[in-house]
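Structure assessment
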Amino acid sequence: MSSRDRILGQIRQNKPEEVALPPVTTFASHFENTEDKFREMLSLIYTEVIVVKNAEELALKAEELYKGVVNRATTIPALSAWADFSLNVSDPHELETVEIAIVQAEFGVAENGAVWISDQYLPHRVLPFITQNLAFVIPRNALVNNMHEAYVRLQDTLGWGCFIAGPSKTADIEQSLVIGAHGARSMVIFLLEGE
Amino acid sequence: MSKTVMEHADASEVFNRDEPYVNWHDETLWFVRQKRDKSSKQLPEWEELREAASGIKHYVLSHLDELLISFEQKAKENGVQVHWAANAAEHNEIVLGLLKQHKIDKMVKSKSMLTEECHMNEFLQKNGIEVIDTDLGERIVQLRNEPPSHIVLPAIHLKKKDIGDLFHEHLGTDAGATDPQYLTEAARQHLRDKFLTRRAALTGVNFAVAETGGFVVSTNEGNADMGAHLADIHIACMGFEKIIPKQEHLGVFLRLLARSATGQPITTYSSHFKKPREGQEMHIVIVDNGRSTQLGRKDFRNSLKCIRCGACMNTCPVYRRSGGHSYHNAVAGPIGSILAPNLDMTKNADLPFASTLCGSCSNVCPVKIDIHDQLYKWRQVLAKEGHVPKSKEIGIRAMSTVLAAPRFYQWSGRLGRTVMRAMPFMVNNGLNPWYKQRDMPEPPKESFRDWYVRNRKN
């Protein structure tokens, strides 16, 4: 008998009597203002939130924030003139030298400051991790209150996706918080006003 | 492990020799517990969330076979290869086989308590495979040749000076440097080179979703993603209890996990893997290793609900004052003490006694495992099956004789008080474990009963 069948057989023999799923597994969060909560949570995890009216203002802000930085990459067409690093590479290892990536993402979660990004928005999964600094652009109206709403919104996860909340961090040395463990050392979130 | 293992009480005694150090360890973990309290109180629905999580996990235990089959089928449809391992040895062989098949002899690994449980690193190293742990805390303990002392905070037992010295020796940092920022940067550079050059990455699994065949891996550092997205082959290893029915249930568990673990509202990265990227191979190893036996133990099966947040360790007065290594098991603390006897009763018979049964662990558990009840029940099982040391057995028997005979109890109480006053050295000596690290109070002149009998008349 294969290990698979042995394991499943033993589970069948030993599992407890059937119970039903609990009736309630989602909860509503009532924040006075969803965007304020989102900002508040992100300020606690060292992330700046900047509202921009349109693509032009986004480009200006990007220029201002990352002045003098080389190896700038983006997935946003309106920033193509700003970028000097092409994401059109076949091997993700080539992204090693990216200093800043400004990336379109789908939506944000107010209760924890997380932003959902997935294959749909990325030419390479490793980009938001390998870049030294990271910025997301999400529509200003694309904010949900909590994780229950988030899962209603994303329905399916395609091939791969990730909730990212702030820059990479660790506290493994005497519980001292250090920003920039393996992933991005800094994070900015642009909220783009509706078009 | 061929080394002779010290029992929890003996190892704790060694741990307690340095009082300022123990106090520091105690306070550091209590601080994490307080962060958990603060964070959980932000959510008015916290208790309902715990109830929901426990209920979902209960459903999981009663439908495990169906959920695993559904998960396997969906994962295969997603292009993921699924392997089943009945025990640690099979798990290790599967991983080794995959690496050999790809002629890979170097691998990066993010945190996986399962691979600790299976002693995979040792096995692979013996077979010529270099494994680099990439979580900072895990890399630190790996360089020290010791296991993690905590499932979430692997190097919590170390002071920054220890880490400074270690990095000076292995990573060439300045002698005497102890700044966490500086040391973390050195590790970042050291590990980035590994991420960029390794063709295989192994990760753990926090949650596997039966409905989609996908799985979620949570980290703060980003190491699981750095490894998995750069490697040609991603191997994800999971104990079969990691399964949850639906994707929407992740809402419940991700809200509880980080808040319970460190007080964060969510970990920095909650990565949802479903299909391999183009040209990549993705494998999932589903492991039993005693879990199906535990499932059959009515009193102990709830331990399989555990989501490995570590909250029970941070709150445990015994863990905080004895350190994770005293538990000589991959998972330490209260939860480890109810999982370990299932794996080996003889070797782990001491662990259910490493508790005051205060119940704090059960109070903070996000999936409401009755941890302290199970610790108590394991004691009965272990005693009945003859795994309790003779000294403890004799003590307990003497105690039950005394407590069962009221007159004898009164007499021995009086005797004890007299002896303590007249000849304190009779009790205050090295033979009495109650005198370790503590002083006894002054013995009272009379017992409450004597006082009551004397005063009732008034």
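Residues numbered from 1 in each chain as written. Chains lettered and ligands numbered in written order. Predicted model: local features only at pLDDT ≥ 70, side-chain atom pairs only at ≥ 80, totals over all residues.

**Some thoughts on the overall build of chain B**
Just so we agree on the cut-off: Each helix is a run of DSSP H or I of at least 4 residues and each strand a run of E of at least 2, with the numbering of both proceeding from the N terminus. Here the globule rule is a power law, 2.2 Å times the number of residues to the power 0.38, and the radius of gyration is based on C-alpha atoms. Field definition: a residue is buried when 20 or more other C-beta atoms are found within 10 Å of its C-beta, exposed when 12 or fewer are, and partly exposed for counts in between, with C-beta atoms placed from the backbone. By definition, residue pairs are in contact when their C-beta atoms, positioned from the backbone, come within 7 Å.
Counting its secondary structure elements, chain B contains 21 helices and 10 strands. On C-alpha atoms alone, chain B measures out to a radius of gyration of 25 Å, which is about the 23 Å that the 2.2 N^0.38 rule sets for 458 residues. With respect to the three principal axes, the spread of C-alpha positions in chain B is 90 × 55 × 45 Å. Split into buried and exposed, the 458 residues of chain B put 49% on the buried side. Within chain B, contacts between residues separated by at least 24 positions form 73% of all contacts whose residues are at least 6 apart in sequence.

**Points about the nonpolar core**
Residues and elements named next belong to chain B. What counts, and what does not: A set of buried Ala, Val, Leu, Ile, Met, Phe, Trp, Tyr and Cys residues, joined to one another through C-beta atoms within 7 Å, is what we call a nonpolar core.
By size, the foremost hydrophobic cluster in this structure holds 170 residues, and its most contacted members are Met-238, Ile-243 and Phe-253. With 8 residues, helix α12 (residues 249-261) is the single largest residue contributor to this core. Setting aside its immediate chain neighbours within four residues, Ile-243 contacts Val-60, Leu-64, Leu-67, Leu-68, Phe-71, Ala-208 and Ala-210.

**A word on the interface of chain B and chain A**
Put simply, the test is: Note on residue categories: nonpolar means Ala, Val, Leu, Ile, Met, Phe, Trp, Tyr, Cys or Pro, charged means Asp, Glu, Lys or Arg, and polar means any other residue, Gly included. For two strands to be treated as a pair, DSSP must find no fewer than two bridges joining them.
The interface is formed by 68 residues belonging to chain B together with 59 residues belonging to chain A. The greatest single-element share of the side of chain B that touches chain A, amounting to 9 residues, is contributed by helix α3 (residues 46-62) of chain B. For the side of chain B that touches chain A, the residue count by class is 30 nonpolar, 22 polar and 16 charged. For strand β8 (residues 160-164) of chain A and strand β9 (residues 269-273) of chain B, the ladder comprises 5 bridges, and the chain directions are antiparallel. Each bridged residue has a counterpart across the sheet, and for Gly-161 of chain A the counterpart in β9 of chain B is His-272 of chain B.

**Regarding the packing of helix α9 (residues 160-171) of chain B against helix α10 (residues 180-197) of chain B**
The packing of two helices is summarised by the inter-axis angle and the distance between the axes. Residue and element names in this part refer to chain B. The criterion, for reference: Note on geometry: axes are lines fitted to C-alpha atoms, helical ones only across the stretch in contact, with angles between N-to-C directions running from 0 to 180 degrees. Crossing handedness follows the turn of the near helix against the far one: under a right angle anticlockwise gives a left-handed crossing, and clockwise gives a right-handed one.
Between α9 and α10, the least distance of the axes is 11 Å, while the angle of their chain directions is 35°. For the pair α9 and α10, the sense of crossing is left-handed. Of the residues in α10, those in contact with Lys-160, Ile-163, Gly-164, Phe-167 and Leu-171 of α9 are Pro-180, Leu-183, Ala-186, Ala-187 and His-190. For the contact of α9 with α10, a count of residues per class yields 7 nonpolar, 2 polar and 1 charged.

**Considering the environment of Tyr-21 of chain B**
All names here are of chain B. Mapped onto the secondary structure, Tyr-21 falls in helix α2 (residues 19-40). Tyr-21 gets classed as partly exposed once you count the C-beta atoms within 10 Å, which come to 14. Residues Tyr-21 and His-168, spaced 147 residues apart in sequence, show a C-alpha to C-alpha distance of 22 Å.

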